[in-house]
Structures are given as C-alpha cells and as structure tokens.
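The lines below spell out each chain.
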There are 2 protein chains.
Amino acid sequence: MSQPDPKRVNTDDDAPYELIYWPIIPGRGEFVRLAFEEAGVPYSDIAQNTEKGFNAVKNLTATDNIGDEHNPPALAPPALKHGDLLISQTPNILLYVAPRIGLAPKEGNGLYHLNEIVLTILDGLVIELHDTHHPIAISLYYEDQKEESKRKSKYFIKDRLPKYFKYMQRVLDAKTSGEGPWLYGDSLTYADLVLFQAVDGTKFAFPKSIEALKKSGEYDGVFKLYDAVKERPNISKYLQSDRRREYSEGIWRYYPELEEE
Amino acid sequence: MSQPDPKRVNTDDDAPYELIYWPIIPGRGEFVRLAFEEAGVPYSDIAQNTEKGFNAVKNLTATDNIGDEHNPPALAPPALKHGDLLISQTPNILLYVAPRIGLAPKEGNGLYHLNEIVLTILDGLVIELHDTHHPIAISLYYEDQKEESKRKSKYFIKDRLPKYFKYMQRVLDAKTSGEGPWLYGDSLTYADLVLFQAVDGTKFAFPKSIEALKKSGEYDGVFKLYDAVKERPNISKYLQSDRRREYSEGIWRYYPELEEE
C-alpha cells in the first residue's frame, strides 16, 4: 500500500455535492442542508427519493465498511460526497463546504473561530439535548430510560440550556460580532445557520423552556439572530418546502413529561 | 463596530504557543500537550506553575467573558493562545496546530479525513466515556448519580466501546492507512496521538474491559498503534516526566464498581 496523497483526490468545484443521510427526519443532516439552501448551491439529498440512495446510507454504516481507495470509513451519517472525496462528521462537513459556498472566509484565522462556535453548539448543546431522552443507552428505547431522562432533563433545563444560551449571547456581545445580528463579522456565516437549527430543534423539544428564556430578556441577541435566519429569502422558501422534514424521531423529540416541574 | 478581519490577527510562526488549561489533571488539555511533545515544539502550559496562569483559566471560564478585540469568548478550556489569536475546542486547536508542527498535511484534503477521525474519537468515545460517571448532570457528584452510572456503564462496555474499537480498527484496515501502524498514510499524524490518549484513558477507567478487547484479538491494529505511539522517543520521555499528570478527577476516573458484572 502506498501513502494516500490527499491532493490526488478529485474535488474540482464542478463535482456535485451529495449528502448521504437518513431520509424523513431533519437530524444532523439538517445543518448541512441549511448551508446549501442558504447559499443557493445545488446538492442532492440522495436518500430522500431513491432506494439506491437509502442503500448508500446503509452501506456507510455497515460494520464491515472500510472505506475506499481515497477515503477512510465513516462511523455514522451524515457524510458528504464531493467528487472522489467522502467526508463525515457534521462540523467537519461544514468546515469543508462553508468556505467553498460563501458561508465562511476562505483564508485567515476566522474559520477557526467559526469552527469553535460550531463545535460548542453541535458537540455541546445538540449532544446534550439528544441525551435528555437517551441518557443511558442509544440501544434502549426512551420508555426504558424514562426515569433517568426526567432526572437529566431537569438539570438540562435548569443548568445547561441557560449556560449555552449565555454563551451564544456572549459571542454576540463580543467585539468580533459586527454590526448586524450575526455571530461573527458583518455578514451571515454557517455558524448562524447552526445556531438557528440548534435553537429551532430545542424549541420543538422543550417549548416551555425556550419561551421562558425568551421572556427573561437576557438572550435577545440569540432570538433576534434566530428570526433573522428564518427570514432569509432562501431559508424562508426552504422552510416552507417539503424538503424541510417534520421533527419526529432522532435528536429532537417532544416528550411533554420531560418539561414538567 | 467594524467587521473583524481574520487576516489581521497576528499569528506569525515565531509567536509562542500557550496552552490554557486546568493544572494537575491530564484532561482534554492532554491531547494538545501530546501534539507539542511529539513534535518537539516548545509550548507553555501556563496554569501548571503560576498563579497568573491559573487565573487565565479562571478568566476564560468567567460567565461575563466576552473575548477581546480579536477573539470571541470560549465556553471552556482548553484554549490555545498563539500571538493575538485565541482559539478553543480541542479538535479545533489540534486542527490549527497539527499542520503547523508537522503532524498533518498542510494542503489537500487529508486534513478533513484526519479531522473526521479525531472528531469521532474525541466528541464520540471520549464524551461517552465521561458520561459513564456523569450520566445525569455534571453539576452533581458521581455519588449522587451512581446508580445511573452503573446502568450506563453496562451498555458502554457492551455496545459502545466495541463499536468505537471496531471503527478505529476499520480505519486501520482501510486503504488510506499506509504501510506502518498509523491511522492515515505512512507516517504518524495527530490522529494517532488522539487515539493513543483515548485508549490510555479508557484503560485507566475500564482496565478489565480493555484487557478483554485486547484478548479478543479483533483489534490488534489498535493496540499495535497504541504501543507504537508510546514508544516514540519524545512521547516516551514525556510520559516519564512530571509534565505527564496522573489520572485522578476529570474525564478519566477509576470506579471499580462500574466494571462489575
């Protein structure tokens, strides 16, 4: 075997972007969809409409998958195929795509700041929210870990949710956030889309808690940014299309008992 | 406020690397330390020896921290200061540092594959391991969530640990892993250091489970890589130095009852 030469992997800009993710649910694939939708860049969401696409997701998760000549195997979807390149892990896909489609600076160190914000939201808030309904094991049904879910949710609502909202508000209060409603600089970046989706999903799962955070008046910047993303022409069209799936299973689930006192 | 210009932030290569992390424990800072140690690149671990350094960590985590003129605030350590640039989130710090110190390719798409592997280990395996002793809330003592910890650990040992070991072994079986023991290409990268530390910490927390995985013979590549990193001259010297801290609190803890049948 010879050393893989990453420069050899063809990713010319004309190659189509193909998202490999479970169909029907928004899930983690949604962060990737929102980036392409906002940028108005064509992409195929390959599992939505074809059996072949669905099989691509299944093959990706097969326990005997060892990748191909250009790419190591992924542990889980979403993955993105661009020419011969296949990459996985949501923050990594966004890191690759965003500078190419105008949602992050192409040079300089701004991308590290954006990646830092995105990792805090995606691998912090989003993972913790998921774990409110699966605190013990993802191989168990919610019903079989309901008591632990209730206990975890109590602390999530009391401690963790305000902690993340306070963090997002502080990023907006920082000097690195510019004139507009955006997290970083004077124009929308992919970090803003990540914040939007994280807040939107949390609103579905814990509506009363989000309403309470909004009423507190302490996170006005966060909610203003949420609205500003929602009103972007391309995002607004997307949210009304049938490409935007309904919340159901997956990360964001609504179990009213998790929000009870 | 004007738009931050990321190119303006001074990070010339002569600037010192300063790690901002809690002293005494290995913790997440350890992944960053190992990279500098392997590369033989000087860095200061500012909280280890000075009160001023310790205050820098405390200031970083202050809930009224809104960053500075160049940088947004971080939610939590580790952070890395390099010239005027301050960045946080372990996989992000490594993404910035590794190509600069010879532990990742400087160009091409290989860095996205490395980042994908690192995110899977760091924001997958390491977070899940941490949650085995804090499944309900990090604001509670272990003793106050011990029953849930036992239940979660059972599934972690049975399902999750083998899943991650199988994933790491598959990456080693992939065509993108070269001749040597390394995860990607023919030479050591920062992903190998991340695997080493994740396995080493897991071995401390769940010694019997790691021994069983080793004996199964199914993950020989993973254990060979672990040994190969441990024997690197710079790493070997580091592990014997007093800069390498003992495991105690933090992510990797040893509670024998979590490994009982």
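Scoring rules and cut-offs
Residues numbered from 1 in each chain as written. Chains lettered and ligands numbered in written order. Predicted model: local features only at pLDDT ≥ 70, side-chain atom pairs only at ≥ 80, totals over all residues. Heavy atoms only, no water. Helix = DSSP H or I, 4+ residues; strand = E, 2+ residues; numbered from the N terminus. Rg over C-alpha atoms; globule rule 2.2 N^0.38 Å. Buried < 20%, exposed > 50% of the residue type's maximum accessible area, 1.4 Å probe, protein only. Contact = heavy atoms within 4.5 Å. Areas by Shrake-Rupley, 256 points an atom, 1.4 Å probe, with all protein chains shown as cover. Buried area = accessible area lost by both parts, 1.4 Å probe. Salt bridge = Lys/Arg side-chain N within 4 Å of Asp/Glu carboxyl O. Polar contact = N/O pair within 3.5 Å; in protein donor to acceptor, adjacent residues only side chain to side chain. Nonpolar A, V, L, I, M, F, W, Y, C, P; charged D, E, K, R; others polar. Expected span 1.5 Å × (residues − 1). Bend = angle between axes of the 7 residues up to and from the residue. Pairing = 2+ DSSP bridges. Right-handed = clockwise from strand over helix to strand, strands pointing away. Phe/Tyr/Trp six-rings, centres within 6.5 Å; stacked < 30°, edge-to-face > 60°. UniProt positions renumbered as here; feature names shortened; annotations may be inferred. Core = buried A, V, L, I, M, F, W, Y, C linked by side-chain atoms within 4.5 Å.

**Some remarks on the overall build of chain A**
Here is step 1 of the chain: The secondary structure content of chain A amounts to 9 helices and 4 strands.
Here is step 2 of the chain: Tracing chain A from N to C terminus, the helices and strands come up as β-α-β-α-β-β-α-α-α-α-α-α-α.
Here is step 3 of the chain: Since a compact globule built from 261 residues should have a radius of gyration of about 18 Å, the 19 Å found for chain A is in line with a globular shape.
Here is step 4 of the chain: By its C-alpha atoms, chain A is 60 × 50 × 35 Å across when sized along the principal axes.
Here is step 5 of the chain: When each of the 261 residues of chain A is scored for burial, the buried share is 61%.
Here is step 6 of the chain: Partitioning the intrachain contacts of chain A with sequence separation of at least 6 by distance along the chain shows that 70% fall at a separation of at least 24.
Here is step 7 of the chain: Carbon and sulfur atoms make up 49% of the accessible area of chain A, which amounts to about 10,800 Å² in all.

**So, the interface of chain A and chain B**
Here is step 1 of the chain: Every contact between the two is made by 75 residues of chain A and, on the other side, 75 residues of chain B.
Here is step 2 of the chain: Both faces considered, chain A and chain B share a buried interface measuring about 6,600 Å² in area, 58% of it formed by carbon and sulfur atoms.
Here is step 3 of the chain: Along the contact surface separating chain A from chain B lie 2 salt bridges.
Here is step 4 of the chain: Among the salt bridges present, the one from A:Glu148 reaches B:Arg151, with a minimum N-O distance of 2.8 Å.
Here is step 5 of the chain: Seen at the junction of chain A and chain B, the total is 26 residue pairs in polar contact (both at pLDDT 80 or more).
Here is step 6 of the chain: At the level of secondary structure, the elements contributing two or more residues to the side of chain A that touches chain B comprise β4 (85-88), α3 (90-100), α4 (110-133) and α5 (146-173) of chain A.
Here is step 7 of the chain: Ranked by residue count, the leading element in the side of chain A that touches chain B is α5(A), at 13 residues.
Here is step 8 of the chain: When its residues are assigned to classes, the side of chain A that touches chain B shows 31 nonpolar, 22 polar and 22 charged.

**What to know about α5(A)**
Here is step 1 of the chain: If you check α5(A), its first and last C-alpha atoms are 38 Å apart, about what 28 residues at 1.5 Å a residue would give, namely 40 Å.
Here is step 2 of the chain: At A:Phe156, α5(A) is bent by approximately 45 degrees, the largest bend along its length.

**Looking at the pairing of strand β4 (residues 85-88) of chain B**
All names here are of chain B.
Here is step 1 of the chain: Judged by which residues are buried, β4 turns out to be covered on both faces: Leu85 and Ile87 on one side and Leu86 and Ser88 on the other are all buried.
Here is step 2 of the chain: Both strand β3 (residues 79-82) and β4 contribute to a ladder of 4 bridges, which runs antiparallel. Its bridge partner lying in β4, Leu80 is registered against Ile87.

**Considerations on the pairing of strand β1 (residues 17-20) of chain B**
All names here are of chain B.
Here is step 1 of the chain: Note: β1 against β3, 4 bridges, orientation antiparallel. Following the sheet pairing, Ile20 is matched in β3 by Ala79.
Here is step 2 of the chain: With 2 bridges joining them, β1 and strand β2 (residues 44-45) adopt parallel strand pairing. If you follow Leu19 over to β2, its bridge partner there is Asp45.
Here is step 3 of the chain: Viewed along the sheet, the connection from β1 through helix α1 (residues 29-39) into β2 turns out right-handed.

**Brief notes about the pattern of salt bridges**
Residue and element names in this part refer to chain B.
Here is step 1 of the chain: Taken as a whole and assessed by the stated rule, the structure comprises 22 salt bridges over all chains.
Here is step 2 of the chain: Here Glu128 and Arg160 are joined by a salt bridge, their closest N and O atoms 2.7 Å apart. Here the residue Glu128 occupies a position in helix α4 (residues 110-133), and Arg160 occupies one in helix α5 (residues 146-173), the gap between them amounting to 32 residues.
Here is step 3 of the chain: In this structure, the salt-bridge partner of Arg244 is Asp200, at a minimum N-O distance of 2.7 Å. Of this pair, Arg244 sits in the segment after α9 (233-240) while Asp200 sits in helix α6 (residues 190-205), and the two are 44 residues apart along the sequence. For the pair Arg244 and Asp200, a shared accessibility class is recorded, and that class is buried.

**Observations regarding unusual backbone geometry**
Here is step 1 of the chain: Here the residue pair A:Pro77 and A:Pro78 is connected by a cis peptide bond, since its omega of 5 degrees sits within 30 degrees of zero.
Here is step 2 of the chain: If you trace the backbone, A:Pro78 turns up in the loop between α2 (51-61) and β3 (79-82).
Here is step 3 of the chain: A positive phi angle, close to 75 degrees, is found at B:Ile24, a residue other than glycine.
Here is step 4 of the chain: Since its relative accessible area comes to 52%, B:Ile24 is described here as exposed.
Here is step 5 of the chain: A positive phi angle is found at B:Gln89, which is not glycine, with a value near 75 degrees.
Here is step 6 of the chain: Position of B:Gln89 relative to the elements: it lies in the loop between β4 and α3 (90-100).

**Structural notes on the packing of aromatic side chains**
Residues and elements named next belong to chain B.
Here is step 1 of the chain: All told, the structure shown has 26 aromatic pairs over all chains when counted by the stated rule.
Here is step 2 of the chain: Seen in terms of ring centroids, Phe31 and Trp252 are 5.9 Å apart; in terms of plane orientation they differ by 55 degrees. Their pairing is tilted. Of this pair, Phe31 sits in helix α1 while Trp252 sits in the segment after α9; the two residues are 221 residues apart in sequence, bridging distant segments of the chain.
Here is step 3 of the chain: On the basis of relative accessibility, which here comes to 2%, the residue Phe31 falls in the buried class.

**Digging into the UniProt feature "domain: GST C-terminal" (unreviewed entry) in chain A**
Here is step 1 of the chain: Here, UniProt's "domain: GST C-terminal" (unreviewed entry) annotation points to residues 115-258 of chain A.
Here is step 2 of the chain: Between the end C-alpha atoms of residues 115-258 of chain A there is a gap of 31 Å, over a span that is 64% helix and 0% strand.

**Re the nonpolar core**
Here is step 1 of the chain: Ranked by size, the top nonpolar core spans 144 residues in total, and within it A:Phe165, A:Tyr190, B:Phe165 and B:Tyr190 carry the most contacts.
Here is step 2 of the chain: Not counting the four nearest positions on each side in its chain, B:Tyr190 is found in contact with B:Leu94, B:Leu95, B:Ala98, B:Leu103, B:Ala104, B:Leu111, B:Leu114, B:Asn115 and B:Val118.

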